[in-house]
Amino acid sequence: MSARTILQKLEILADAAKYDASCASSGTAKRNSMGGKGIGSTEGMGICHAYAPDGRCISLLKILLTNHCIFDCHYCINRKSSNVARARFTPQEVVDLTLAFYRRNYIEGLFLSSGIVKSSNHTMEQLVEVARILREEHDFRGYIHLKTIPEADAEIVHQAGLYADRVSINVELPTDSGLTRLAPDKDARQIEGAMGKVKSDITELKDAHKRFKHAPRFAPAGQSTQMIVGADAASDADIVGKASRLYDSFGLRRVYYSAFSPIPDASAVLPLKRPPLIREHRLYQSDWLMRFYGYKPAEVMQATEADGNLPLDIDPKLAWALKFREQFPVDVNRASKEQLLRVPGLGVKAVGRILASRRHRNLRLDDVARLTQSITKVRPFVCTVDWRPVTLTDRADLRGLLASKTEQLELFAA
């Protein structure tokens, strides 16, 4: 097959993969080929395709095996009834592309997903075959993330976890009713059943690896999922509640949020306009509050407005603080770590710096300013030896004073 044909396929299938946001590559086992064995590494730098939570730029070849699909999910540009150009790689073609890109230092790993062709089992077997060839025939030691298919047999999905660093299964939509309406070929119970099986496999083989040195690893970077935001009527409160339950039930490494994007020849049941991109950002901020700042899901939901959605002009942490002003101001020289993490404008690193600095002396407002990115948002919610906000915390127009004055621009807005 000519290089031109491969490039045409790559153009179609790389573009089709852009709607999947869950391609970060953090948390896997460290391995490399420095000893002269194998090819690739899970460490290093390259062209940036994704960001790890520690801020590293991760380069991944992010493609679909095929955008042919027997399912007809209304929100998906690759659905069966969609009028788009179709293409399909063979497993060997994906392997050859991955190795060629790696040798040119373009990538560090592979993120591979697919439409459903012939059957769920057949497609899942093809995805696993790509990973098998890379690992067993080429001793590829780079990062592999496989998007698994919940409708496939559990044993095939299990094989995916033995070769991949991370596996993911998209729940697609926050509510069961939304999934039934917009993705009639998918079943919420089946999706969660597959996620539960992956969780048990991760736990079982992690325990086995502790007891037996040569026990196989299973998805060492864990599993993740993605939800589409704005395709149905689900509120941010619904989405936060769903995300929290997924974290608790399946030990997910990450829940990703993807703002719905209108597609050509869209179904009449879909909204005509995409949600503001800032809504997706606010959901990521709320996710961060639950994972790193000690907020319970119910507390994040308290930050929502009357329609159940998070405010767009201010972040969820500030929204919560404005609703519970009786919790403030907090004394930076005496407050606990948990109290300081609730202060708008103070991040985890800033709180750590404050706790370390106050062991040596009482902090003034100027000291706090040097330890944070911006003191403007912090001032109304803290007191120091030389600063007490008095009536500032209770001002009726405080939200307006702290809200962002900039408007988010859209890259392809008309």
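Higher on the page you've got the structure.
A.B. asks: Just checking my understanding: could you explain the overall build of the chain for this structure?
C.D. replies: Within the chain, the regular secondary structure consists of 14 helices and ten strands. Sorting the 414 residues of the chain into buried and exposed places 53% on the buried side. The contacts of the chain with a sequence gap of at least 6 include a subset with a gap of at least 24, amounting to 68%. When the accessible area of the chain is evaluated, it comes to approximately 19900 Å², of which 52% is carbon and sulfur surface.

A.B. asks: Looking at this structure, how should I read unusual backbone geometry?
C.D. replies: Across residues other than glycine, the phi torsion is negative in most instances, and most of the peptide bonds are trans. Note that the residue after Phe328, namely Pro329, is joined by a cis bond; omega there is 0°. Note that Pro329 resides in the loop between helix H10 (316-323) and strand E9 (330-331). Not every positive phi belongs to a glycine, and Asn105 is a case in point at roughly 65°. Relative to the assigned elements, Asn105 resides in the loop between helix H2 (91-103) and strand E4 (109-113). For Asn105, a relative accessible area of 52% gives the class exposed. If you check the backbone angles, Asp139 has positive phi at about 50° while not being a glycine. Its place among the elements puts Asp139 in the loop between helix H3 (120-137) and strand E5 (143-147). A residue is classified by how much of its surface remains accessible, and Asp139, at 30% relative accessible area, is partly exposed.

A.B. asks: Where do I start with the side chain of Gln223 in this structure?
C.D. replies: Along the chain, the position of Gln223 falls in strand E7 (residues 223-229). At a separation of 3.0 Å, a polar atom in the side chain of Gln223 contacts the main-chain carbonyl oxygen of Met195. Residues contacting Gln223, with those up to four places away along its chain left out, are Arg166, Val167, Met195, Val198, Lys199, Ile202, Phe250, Leu252, Arg253 and Arg254.

A.B. asks: Can you walk me through the pattern of salt bridges in this structure?
C.D. replies: Pairs can form between side chains of opposite charge whenever their charged atoms are close. One pass over the full model with this rule turns up 22 salt bridges. When the shortest N-O distance is used, the salt bridge between Arg364 and Asp386 registers 3.6 Å. Taken together, the positions of Arg364 in the loop between helix H12 (348-357) and helix H13 (365-371) and Asp386 in the loop between strand E10 (382-383) and helix H14 (398-402) put the pair 22 residues apart, joining distant regions of the chain. Residue Arg364 is classed as partly exposed on the basis of its relative accessible area of 44%. Judged by its relative accessible area of 37%, Asp386 is partly exposed. Residues joined by salt bridges that share partners form a network here, namely Asp176, Arg189, Glu192, Lys242 and Arg245.

A.B. asks: I tried to follow the packing of helix H4 (residues 154-163) against helix H6 (residues 188-211) on my own but got confused; where do I start?
C.D. replies: Two numbers describe a pair of packed helices, the interaxial angle and the distance between the axes. At a closest axis distance of 11 Å, the pairing of H4 and H6 adopts a crossing angle of 50°. By the angle class used here, H4 and H6 are oblique. Considering how the two elements wind past one another, H4 and H6 form a crossing that is right-handed. Two secondary-structure elements touch here, H4 through Ala154, Val157, His158 and Leu162 and H6 through Lys197, Val198, Asp201 and Leu205. Grouping the constituent residues of the contact of H4 with H6 by class yields five nonpolar, one polar and two charged.

A.B. asks: Looking at this structure, how should I read the sheet that holds E4?
C.D. replies: Taken together, the six strands give an open sheet; going across it, the order is E3-E4-E5-E6-E7-E8, and neighbouring strands pair in parallel fashion. The strands lining the two open edges of the sheet, one partner per strand, are strand E3 (60-64) and strand E8 (254-259). Strand-to-strand twist in this sheet, taken as the mean axis angle between neighbours without regard to direction, amounts to 20°. Bridge count for E3 against E4 is five bridges, and the pairing is parallel. The residue bridging Leu60 from the neighbouring strand is Gly109, located in E4. Here H6 sits on the sheet in contact with strand E6 (166-168) and E7, set at roughly 155° to E7.

A.B. asks: Could you clarify how one ought to interpret H3 in this entry?
C.D. replies: Structurally, the α-helix is built with 3.6 residues per turn, so residues lying three or four positions apart point the same way. Taking 1.5 Å of rise per residue, the 18 residues of H3 would be expected to cover 26 Å, and the 25 Å separating its terminal C-alpha atoms lies within 8% of that figure. Those residues of H3 that fall on the buried side of the exposure criterion are Ser120, His122, Thr123, Met124, Gln126, Leu127, Val128, Val130, Ala131, Ile133, Leu134 and Arg135. Looking at the buried positions of H3, the neighbouring elements they touch are H2, E4, E5 and H4.

A.B. asks: Would you take a moment to explain a nonpolar patch on the surface for this structure?
C.D. replies: Taken together, the side chains of Trp288, Phe292 and Val348 present a nonpolar region at the surface, about 250 Å² in accessible area. Checked against the element boundaries, Val348 lands in helix H12.

So, how was this worked out
- Residues numbered from 1 in each chain as written.
- Predicted model: local features only at pLDDT ≥ 70, side-chain atom pairs only at ≥ 80, totals over all residues.
- Heavy atoms only, no water.
- Helix = DSSP H or I, 4+ residues; strand = E, 2+ residues; numbered from the N terminus.
- Buried < 20%, exposed > 50% of the residue type's maximum accessible area, 1.4 Å probe, protein only.
- Contact = heavy atoms within 4.5 Å.
- Areas by Shrake-Rupley, 256 points an atom, 1.4 Å probe, with all protein chains shown as cover.
- Polar contact = N/O pair within 3.5 Å; in protein donor to acceptor, adjacent residues only side chain to side chain.
- Salt bridge = Lys/Arg side-chain N within 4 Å of Asp/Glu carboxyl O.
- Axes fitted to C-alpha atoms, helices over the stretch in contact; angles between N-to-C directions.
- Parallel < 35°, antiparallel > 145°, perpendicular 65-115°, else oblique.
- Left-handed = near helix turned anticlockwise from the far one by under 90°.
- Nonpolar A, V, L, I, M, F, W, Y, C, P; charged D, E, K, R; others polar.
- Pairing = 2+ DSSP bridges.
- Expected span 1.5 Å × (residues − 1).
- Patch = residues over 30% accessible without salt bridge, like charges linked within 9 Å, V, L, I, M, F, W, Y side chains within 5 Å.

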